[in-house]
Amino acid sequence: MNFSSLQSSVQKFGMNQALKYLEKDPETNIPKLMNLVDKVMPEGWYGSQRKVIREQIDEKGVWYDYILKLYDLDADVRQTVFKNYIFNASLNGSTKQEELSEKYNCNIPWAVLLDPTSACNLHCTGCWAAEYGHQLNLSLDDIDSIIRQGKELGTYMYIYTGGEPLTRKKDVIKICEMHPDCAFLSFTNGTLIDEEFCQDMLRVKNFVPAISLEGFETANDSRRGKGCYENVKRAMELLKKHKLPFGISTCYTSANYKDIASDEFFDLMIDSGALFCWFFHYMPVGNGAVKELLPTPEQRAYVYHQIRKFRSEKPIFTMDFQNDAQYVGGCIAGGRRYLHINAKGDVEPCVFIHYSNCNIHDTTLLDALRSPLFQAYHDNQPFNENMLRPCPMLENAGRIQELVKQSKAVNTDYESLEDVDHLLEKTVPYAKNWKPMADKLWNEQKK
């Protein structure tokens, strides 16, 4: 056994012992565990995160309440998620990712997003996936190969997008069985979560759904269709009843921004049992994109302030992918933290950037990360020193056009190819209007 393997084994043993220690009496042992973590962790390793958690534990604040909520989950599921997410994906995996990133001079992702299928049982307003049809799928062998290659690079986090991934429930569960050391998360409309699937989740233990919810019934069903809100509520009730972890995914637009950033919506998520919410800014992707759904600068700023306010008040983990770039150093696409593989196998830098130089059926995952478009991301990130303007498409007019044209990437839309110049036309006014507000908020943060 080489030193790296020995180090990994020691860390894994320590993680298992720590989890057993916590299980005995979490309320008493959480503070003691943090002291242990501080002693064994390398200096500076996740230091700012540990500091915030430690302060909350000492003060018995909202994040202390959050940690205790995790102990309402099924014990076996909780321990598996902890091991796969904290040890495999974050501690051990990140070390390997950094080593290989330096070795190959390219980005190595923490997570791989992939579309098992283009099929979806809904047709949501403003969603490009609704246009894709039901014909395209990554085979079980394709997904298995992607994950095997990913683990060689230190990537143990896999996130399903679509389409609706749960139209392939059996394969989704089969992959969990084939790779018990990985953490799997799926964006889902929640309409296909039933008793049988909950039992499968309890059995494999390493699958977590992120259910799409666009606000309350009127706002949600206006995009997703009548009855979807009630279906989501039923899915959340089932998951909570079985003590299974889940979260919420919400896209904020000019139409629903007040709903999703309200006290009432946060309380609904918490009371329903959700442990996290990922907020996504509406992106005008695809020839049929509804530009009117783009939030105004004032609307986006409202969401920015509300989410940050609630972080100190409500026990739910939130990430706003357009307004929280400061915590991850800017744009995380292009393999810097994640990449996306669509149902055709096209390897894209971002789930919102439908351009590519390569297909996973013709190349390895590592070679895709070294392809011209991905290398352009690697060489140019961050795209702006103002971390409230992270995206090369939405907030930095002309950057995505430069990256695509210089790398000679092609559009990967399934049905209606969108020229990058057409995409640019939709984002130039937004970028111009957002800049003054972004600069104001960013300068206020730095004071």
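Presented here is a report on the structure given in the accompanying data block. (Residues numbered from 1 in each chain as written. Predicted model: local features only at pLDDT ≥ 70, side-chain atom pairs only at ≥ 80, totals over all residues. Heavy atoms only, no water.)

**Here we look at the pattern of salt bridges**
And then number 1: Using the criterion set out here, one finds 18 salt bridges in the structure.
And then number 2: Two residues, Asp267 and Lys314, come together in a salt bridge whose shortest N-O distance is 2.9 Å. You can see Asp267 sitting in helix H12 (residues 263-272) and its partner Lys314 sitting in the loop between helix H13 (297-311) and strand E7 (317-320), a full 47 residues away along the chain.
And then number 3: Here Lys344 and Asp346 are joined by a salt bridge, their closest N and O atoms 3.5 Å apart.
And then number 4: Several salt bridges converge on common partners, so that one network encompasses Glu177, Asp200 and Arg203. (Salt bridge = Lys/Arg side-chain N within 4 Å of Asp/Glu carboxyl O. Helix = DSSP H or I, 4+ residues; strand = E, 2+ residues; numbered from the N terminus.)

**Some points on the sheet that holds strand E4 (residues 207-212)**
And then number 1: Taken together, the 9 strands give an open sheet; going across it, the order is E7-E6-E5-E4-E3-E2-E1-E8-E9, and neighbouring strands pair in mixed fashion. With partners counted over all chains shown, the strands left at the sheet margins are E7 and strand E9 (347-348), one partner each.
And then number 2: In this structure, strand E8 (residues 338-341) lies alongside E9, joined through 2 bridges in antiparallel fashion. Note that in E9 the partner of His340 across the bridge is Glu348.
And then number 3: Sheet strands in contact with helix H10 (residues 228-241) are E4 and strand E5 (247-252), and its direction is about 155 degrees off that of E4. (Pairing = 2+ DSSP bridges. Contact = heavy atoms within 4.5 Å. Axes fitted to C-alpha atoms, helices over the stretch in contact; angles between N-to-C directions.)

**Comments concerning the packing of aromatic side chains**
And then number 1: Summed over the entire model, instances satisfying the criterion amount to 16 aromatic pairs.
And then number 2: Between Phe187 and Phe280, the aromatic rings sit 5.7 Å apart at their centres with planes inclined by 75 degrees, giving edge-to-face as the arrangement. Residue Phe187 is located in strand E3 (residues 183-188), and its partner Phe280 is located in strand E6 (residues 276-281); the two are separated by 93 residues in the primary sequence. Of the two residues, Phe187 and Phe280, both sit in the buried class.
And then number 3: Here a set of aromatic residues connected by ring pairs shows up, and it is made of Phe187, Phe276, Trp278, Phe280, Phe321 and Phe352. (Phe/Tyr/Trp six-rings, centres within 6.5 Å; stacked < 30°, edge-to-face > 60°. Buried < 20%, exposed > 50% of the residue type's maximum accessible area, 1.4 Å probe, protein only.)

**Notes on the pairing of E6**
And then number 1: Most of E6 is tucked away: 6 of the 6 residues are buried.
And then number 2: Burial of the side chains of E6 extends over both faces: Phe276, Trp278 and Phe280 are buried on one face and Cys277, Phe279 and His281 on the other.
And then number 3: By the bridge criterion, 6 bridges tie E5 to E6 in an arrangement that is parallel. Bridged to Ser249 within E6 is Trp278.

**What about the side chain of Lys151?**
And then number 1: Mapped onto the secondary structure, Lys151 falls in helix H6 (residues 140-152).
And then number 2: By relative accessible area, Lys151 is classed as buried at 16%.
And then number 3: Setting aside chain neighbours within four positions, we find Lys151 in contact with Lys96, Tyr156, Tyr158, His179, Asp181 and Cys182.

**Overview of the environment of Thr117**
And then number 1: Relative to the elements of secondary structure, Thr117 occurs in the loop between strand E1 (111-114) and H6.
And then number 2: Along the backbone, Thr117 and Arg168 are 51 residues apart, and their C-alpha atoms lie at a distance of 7.8 Å.
And then number 3: Ignoring any residue separated from it by four or fewer positions in sequence, one finds Thr117 in contact with Leu136, Asn137, Gly162, Gly163, Glu164, Thr167, Arg168 and Ala343.
And then number 4: Separated by 3.4 Å, the side chain of Thr117 and the backbone oxygen of Leu136 make a polar contact. (Polar contact = N/O pair within 3.5 Å; in protein donor to acceptor, adjacent residues only side chain to side chain.)

**A few points about the nonpolar core**
And then number 1: Core analysis: the biggest nonpolar cluster contains 128 residues, and Leu114, Phe184, Phe207, Ile211, Ile341, Tyr377 and Met393 have the highest contact counts within it.
And then number 2: Element by element, the count of residues in this core is highest for helix H17 (residues 420-446), at 8 residues.
And then number 3: Leave out the neighbours within four places in its chain, and Met393 touches Met283, Val285, Phe352, Ile353, Ile400, Leu423 and Thr427. (Core = buried A, V, L, I, M, F, W, Y, C linked by side-chain atoms within 4.5 Å.)

**Quick look at the pairing of E7**
And then number 1: Where E6 meets E7, 4 bridges bridge the pair, whose relative direction is parallel. Residue Phe276 lies in a different strand from E7, and its bridge partner there is Phe317.
And then number 2: Remark: the E6/H13/E7 crossover connection has right-handed handedness. (Right-handed = clockwise from strand over helix to strand, strands pointing away.)

**What to know about helix H4 (residues 62-69)**
And then number 1: For H4, a buried count of 6 out of 8 residues is recorded, marking the element as mostly surrounded by other parts of the structure.
And then number 2: By the burial criterion, the buried members of H4 are Val62, Trp63, Tyr64, Tyr66, Ile67 and Lys69.

**Some words on the packing of helix H7 (residues 169-178) against helix H8 (residues 195-204)**
And then number 1: Direction vectors running N to C along H7 and H8 enclose 10 degrees, while the axes themselves pass 10 Å from each other. Relative to H8, the element H7 is oriented roughly parallel. Contacts between H7 and H8 involve Lys169, Ile173, Cys176 and Glu177 from the former and Phe197, Asp200, Arg203 and Val204 from the latter. (Parallel < 35°, antiparallel > 145°, perpendicular 65-115°, else oblique.)

**Description of the side chain of Ser186**
And then number 1: Mapped onto the fold, Ser186 is located in strand E3.
And then number 2: Look at Ser186 and you get buried, because its relative accessible area is 0%.
And then number 3: Discounting chain neighbours no more than four positions away, the residues touching Ser186 are Tyr160, Pro165, Phe207, Val208, Pro209 and Ala210.

**Quick look at unusual backbone geometry**
Residues apart from glycine generally show negative phi values, whereas peptide bonds are mostly found in trans.
And then number 1: For the bond running from Gly162 to Gly163, omega is 15 degrees, close enough to zero to count as cis.
And then number 2: Locating Gly163 in the fold gives a position in the loop between strand E2 (157-160) and H7.
And then number 3: Despite not being glycine, Asn105 shows a phi value in the positive range, around 55 degrees.
And then number 4: One non-glycine residue with positive phi stands out, namely Lys408, at about 60 degrees.
And then number 5: Within the element layout of this structure, Lys408 appears in the loop between helix H16 (399-407) and strand E11 (410-411).

**Here we look at the packing of helix H15 (residues 372-380) against H16**
And then number 1: Taken N-terminus to C-terminus, the directions of H15 and H16 make an angle of 135 degrees; their axes are 8 Å apart at the nearest point. Accordingly, the angle class assigned to the pair H15 and H16 is oblique. Seen along the crossing, H15 lies across H16 with a hand that is right-handed. Seen from H15, the contacting residues are Pro372, Leu373, Ala376, Tyr377 and Asn380; seen from H16, they are Arg399, Ile400, Leu403, Val404 and Ser407.
And then number 2: Partitioned by chemical class, the residues of the contact of H15 with H16 number 7 nonpolar, 2 polar and 1 charged. (Left-handed = near helix turned anticlockwise from the far one by under 90°. Nonpolar A, V, L, I, M, F, W, Y, C, P; charged D, E, K, R; others polar.)

Just geometry here; none of it tells us what the structure is for.
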